[in-house]
Amino acid sequence: MAISLPLNDFPQLSRDPARLPRHVAIVMDGNGRWARRRGLGRNEGHRRGKDSVRAVVEAARELGIPYLTLFAFSAENWARPSTEVDFLMRLFHRYLLTESKRLMKRGIRILALGDTERLPPRLRHVLAETVEATRDNRDMTVALALSYGGRQDVVSAVRKIASAVVAGEISTDQIDSAAVERALTTAAMPDPDLLIRTSGELRISNFFLFQLAYTELYFTDTLWPDFRERELLSAIAAFQMRERRFGGVTPG
Ligand code: FPP
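These lines cover the structure that appears in this document, whether it is placed above or below.

Thresholds, definitions, all that
- Residues numbered from 1 in each chain as written.
- Predicted model: local features only at pLDDT ≥ 70, side-chain atom pairs only at ≥ 80, totals over all residues.
- Heavy atoms only, no water.
- Helix = DSSP H or I, 4+ residues; strand = E, 2+ residues; numbered from the N terminus.
- Buried < 20%, exposed > 50% of the residue type's maximum accessible area, 1.4 Å probe, protein only.
- Lys, Arg positive; Asp, Glu negative; His and termini not counted.
- Salt bridge = Lys/Arg side-chain N within 4 Å of Asp/Glu carboxyl O.
- Phe/Tyr/Trp six-rings, centres within 6.5 Å; stacked < 30°, edge-to-face > 60°.
- Contact = heavy atoms within 4.5 Å.
- Polar contact = N/O pair within 3.5 Å; in protein donor to acceptor, adjacent residues only side chain to side chain.
- Near = heavy atom within 4 Å.
- Areas by Shrake-Rupley, 256 points an atom, 1.4 Å probe, with all protein chains shown as cover.
- Nonpolar A, V, L, I, M, F, W, Y, C, P; charged D, E, K, R; others polar.
- Pairing = 2+ DSSP bridges.
- Patch = residues over 30% accessible without salt bridge, like charges linked within 9 Å, V, L, I, M, F, W, Y side chains within 5 Å.
- Charge placed at Lys NZ, Arg CZ, Asp CG, Glu CD.
- Expected span 1.5 Å × (residues − 1).
- Arc of directions from axis to C-beta.

### Comments concerning the side chain of Lys50
- Within the element layout of this structure, Lys50 appears in helix 2 (residues 42–63).
- With no salt bridge to any partner, buried Lys50 finds its closest opposite charge in Asp51, at an N-O distance of 5.2 Å.

### Overview of the packing of aromatic side chains
- Taken as a whole and assessed by the stated rule, the structure comprises nine aromatic pairs.
- Aromatic side chains Phe71 and Tyr148 sit 6.1 Å apart centroid to centroid with 85° between the ring planes, which places their arrangement in the edge-to-face category. Here Tyr148 lies in strand 4 (residues 140–148) and Phe71 lies in strand 2 (residues 67–74), a separation of 77 residues in the sequence.
- Phe71 sits in the buried class, given a relative accessible area of 8%.

### Quick notes on the pattern of salt bridges
- Tallied over the entire structure, the rule returns 18 salt bridges.
- For the salt bridge of Arg54 with Glu99, the shortest nitrogen-to-oxygen distance reads 2.7 Å. Of this pair, Arg54 sits in helix 2 while Glu99 sits in helix 3 (residues 82–105), and the two are 45 residues apart along the sequence.
- What emerges from the salt-bridge pattern is a single network uniting Asp29, Arg33, Arg197, Glu201 and Arg203.

### A short note on the environment of His46
- Take His46: it is sitting in helix 2.
- Take His46: its relative accessible area is 7%, and that puts it in the buried class.
- Taking the C-alpha atoms as reference points, His46 and Pro190, 144 residues apart in sequence, are found 28 Å from one another.
- Non-local contacts of His46, meaning those with residues more than four positions away in its chain, are made with Asn31, Arg80, Glu84, Phe87, Leu88 and Leu91.
- At a separation of 2.8 Å, a polar atom in the side chain of His46 contacts the side chain of Glu84.

### Looking at the site of the ligand
- The local shell around the ligand holds 18 residues, among which Asp29, Gly32, Arg33, Arg42 and Arg80 are the closest.
- Arg33 places a main-chain nitrogen or oxygen 2.7 Å from an oxygen atom of the ligand.
- For the ligand, an oxygen atom lies 2.7 Å from a polar atom in the side chain of Arg80.
- Protein burial of the ligand: of its 620 Å² of free accessible surface, 93% is covered by the chains.
- Residues that form the shell around the ligand fall into these classes: eight nonpolar, five polar and five charged.

### Observations regarding unusual backbone geometry
- Even without glycine at this site, Ser199 takes up a positive phi of about 80°.
- With respect to the helices and strands, Ser199 occurs in the loop between strand 5 (194–197) and strand 6 (216–219).
- On the accessibility criterion, Ser199 (8% relative accessible area) is buried.
- Backbone geometry at Asn206 places phi at a positive 55°, although glycine is not the residue there.
- Judged by its relative accessible area of 17%, Asn206 falls in the buried class.

### Quick look at the pairing of strand 6
- Judged by which residues are buried, strand 6 turns out to be one-sided: Glu216 and Tyr218 face inward and are buried, whereas Leu217 and Phe219, on the alternate face, are not.
- Direction of pairing for strand 5 relative to strand 6: parallel, over a ladder of four bridges. Each bridged residue has a counterpart across the sheet, and for Arg197 the counterpart in strand 6 is Phe219.

### A look at a positive patch on the surface
- Taken together, the side chains of Arg36, Arg37, Arg38 and Arg48 define a basic patch exposed on the protein surface.
- Mapped onto the elements, Arg36 comes out in helix 1 (residues 31–36).

### Remarks on helix 4 (residues 121–133)
- For helix 4, spanning 13 residues, the distance from its first C-alpha to its last is 18 Å, which sits close to the expected 18 Å at 1.5 Å a residue.
- Close packing links the buried residues of helix 4 with helix 3, strand 3 (108–113) and strand 4.

### Looking at the pairing of strand 2
- Within strand 2, eight of the eight residues are buried, leaving the element largely enclosed by the surrounding structure.
- Note: strand 2 against strand 4, seven bridges, orientation parallel. Each residue of the ladder has a partner; that of Tyr67, found in strand 4, is Thr141.

### A closer look at helix 5 (residues 150–166)
- Taking 1.5 Å as the rise per residue, helix 5 with 17 residues should run 24 Å; its terminal C-alpha atoms sit 24 Å apart, in good agreement.
- All of the buried residues in helix 5 are Gly150, Asp153, Ala157, Ile161 and Ala164. Taken end-on, helix 5 shows its buried residues confined to a sector of 70°, consistent with a single buried face. The exposed set on the far side of helix 5, more than 90 degrees from its buried face, consists of Arg151, Val158, Arg159 and Val166.

Just geometry here; none of it tells us what the structure is for.
So this is what it looks like as structure tokens:
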């Protein structure tokens, strides 16, 4: 069953696949502030944030965006109070359990990025099961960045490449941008065309580092629990107004 998007309110938005971002990456921020403003506990913000995840995944799928990465938990988020960390782990677990049927029906493949070994065994298990169950889905890929850090990703890529050099599998002059890309956890995806960060913070916060070289950045004051279909469409419309030059010049 297709969901209906409020496309009439965005007449400038083109659904031409050549003009849509192939990969949208999102830093979902502001759950805590959303809750505080309503006199609620932070976890209520995360709970509402899960509804935004569903709405944005469905909208992106409906629009025809092939890759979506959601920065759900950073390598540094382990430093949060254990009650909040535990709540988030249970929330991710519940999300995967309750969404798996819907993901299958929509042809959505789930990938996991990050140091998933650090996740609680129960979550790791259902994550691995979901990745396996959805691996042949072709309509869209949703990558969940869990315990992910951009620097850690680069460091791990450097280690892999160094090991390959030590083993004599490659020489140092074969190390190029493509070789680094292949060693990153995002090897299976194109670089993001569009990065969205909610809640008014103007930082990358150790998300994708190598991968963002030519990504268009979109910052919005909207807090993640309020970020739904319309906000995604606004971000895509803004993206389509940008002129991407990749370091070159515009002809004419
Ligand atoms: C940042 O807001 C948000 C997080 C660290 C957690 C993100 C988790 C969700 C959106 C829940 C659902 C996710 C999935 C994948 C099902 P914050 O808590 O730092 O907000 P604040 O800056 O206002 O305190």
